Amino acid sequence: MLTLLTRPVVGVVWTALLIGFGVGFGYRSARGSLPRKLEVTRGGDGKFRLLVIANETVQGEELLNEIRERCRDRRCEVMVVTPALASSRASHWASDIDEAIELARQRMELSLIEIKQLGLKAKGEIGDSDPNVAIEDALRVFAADEILISTHPPDRSRWLEHGVVDKARETIDLPIAHVVVDLAVERTIP
């Protein structure tokens, strides 16, 4: 048995396993995590503040309708956060997300124009590629009263697959609404 453990091949296998474990552990640690319960502060000035988290669905008609309804008959301020999603994990690791940031910025700016056409005060920012981290970051600078998360339908949504809405509801003590935007259906409606 001792002879088997001292063979070079076994040493290489053990080294590879240890390196793999270390890389995996380092990756999980580097991403950070939300605290179990995120402390939030409210504005207290009579304005209703709606934090909207959306990426590709940020210009969806269903999302705009939901924003309009939530802000109806209120002094309302909207903050749109559009996470910059890298095309792959390799791109994210290599910090090659310039294109993702620019595409997210374009979608967000077009969304802000449409929200302002509804007569609402709105601002926006590009968020972390992890939507839950983007929410946490936004709450540090925007005292939201409610959060609205927009996703694709369940069969096409990576956010729903990764539990973004559920994680937000578990960690944030604010009302959190979820709106599904089906861009494929919206594009076919004349």
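That block above? That's the structure.
Read on for an overview of the structure. This one's a predicted model, so the numbers in the text were calculated from it and none came from an experiment.

## So, the nonpolar core
Soluble globular proteins: nonpolar side chains tend toward being buried together. Val 52, Ile 67 and Val 78 are the most contacted members of the largest nonpolar core, which totals 22 residues. A total of 4 residues in this core trace back to one element, the largest contributor, which is helix α3 (residues 61–71). When neighbours within four sequence positions are excluded, Val 52 is seen to be in contact with Leu 63, Ile 67, Val 78, Met 79, Val 80, Val 81 and Leu 148. Counting residues in each nonpolar core, the second largest holds 19 residues, with Ile 53, Ala 134, Ile 147 and Ala 168 among its members.

## Considering the sheet that holds strand β3 (residues 121–127)
In spatial order, the strands read β3-β2-β1-β4-β5; together these 5 strands make up an open sheet with parallel pairing. Here the strands that pair on one side only, and so sit at the sheet edges, are β3 and β5 (176–180). Neighbouring strand axes in the sheet, compared pairwise and without regard to direction, differ in orientation by 20° on average. Pairing of strand β1 (residues 48–53) with strand β2 (residues 76–83) involves 6 bridges; the strand directions are parallel. Residue pairing across strands places Phe 48 opposite Cys 76, the latter belonging to β2. With respect to the sheet, helix α6 (residues 131–141) is in contact with β1, β2, β3 and β4 (146–151), its orientation differing from that of β2 by roughly 145°. Against the sheet, helix α8 (residues 164–171) makes contact with β4 and β5, and its axis sits at roughly 170° relative to β5, the strand it touches most.

Reading the values: the criteria
- Along each chain, residue indices are assigned from 1 in the same order as the chain's sequence is written.
- It should be noted that, the model being predicted, local features are given only for residues of pLDDT at least 70 and side-chain atom pairs only at 80 or more, the latter also being counted only at that level, while totals for whole chains, interfaces and linings use all residues.
- The basis for the side-chain values is all heavy atoms of the structure; hydrogens and waters are excluded.
- Among buried residues, those of type Ala, Val, Leu, Ile, Met, Phe, Trp, Tyr and Cys that are joined through side-chain atoms within 4.5 Å constitute a nonpolar core.
- For each residue, the accessible area found with a 1.4 Å probe, counting protein chains only, is set against the maximum for its type, and the residue is called buried under 20%, exposed over 50%, and partly exposed in between.
- Where helices and strands are cited, they refer to DSSP runs of H or I of at least four residues and of E of at least two residues respectively, numbered from the N terminus.
- By definition in these notes, contact holds between two residues if any of their heavy atoms fall within 4.5 Å.
- Here the rule is simple: two strands pair whenever DSSP picks up at least two bridges between them.
- Only the stretch in contact is used when a helix axis is fitted, and all axes are lines through C-alpha atoms; the angle between N-to-C directions ranges over 0 to 180 degrees.

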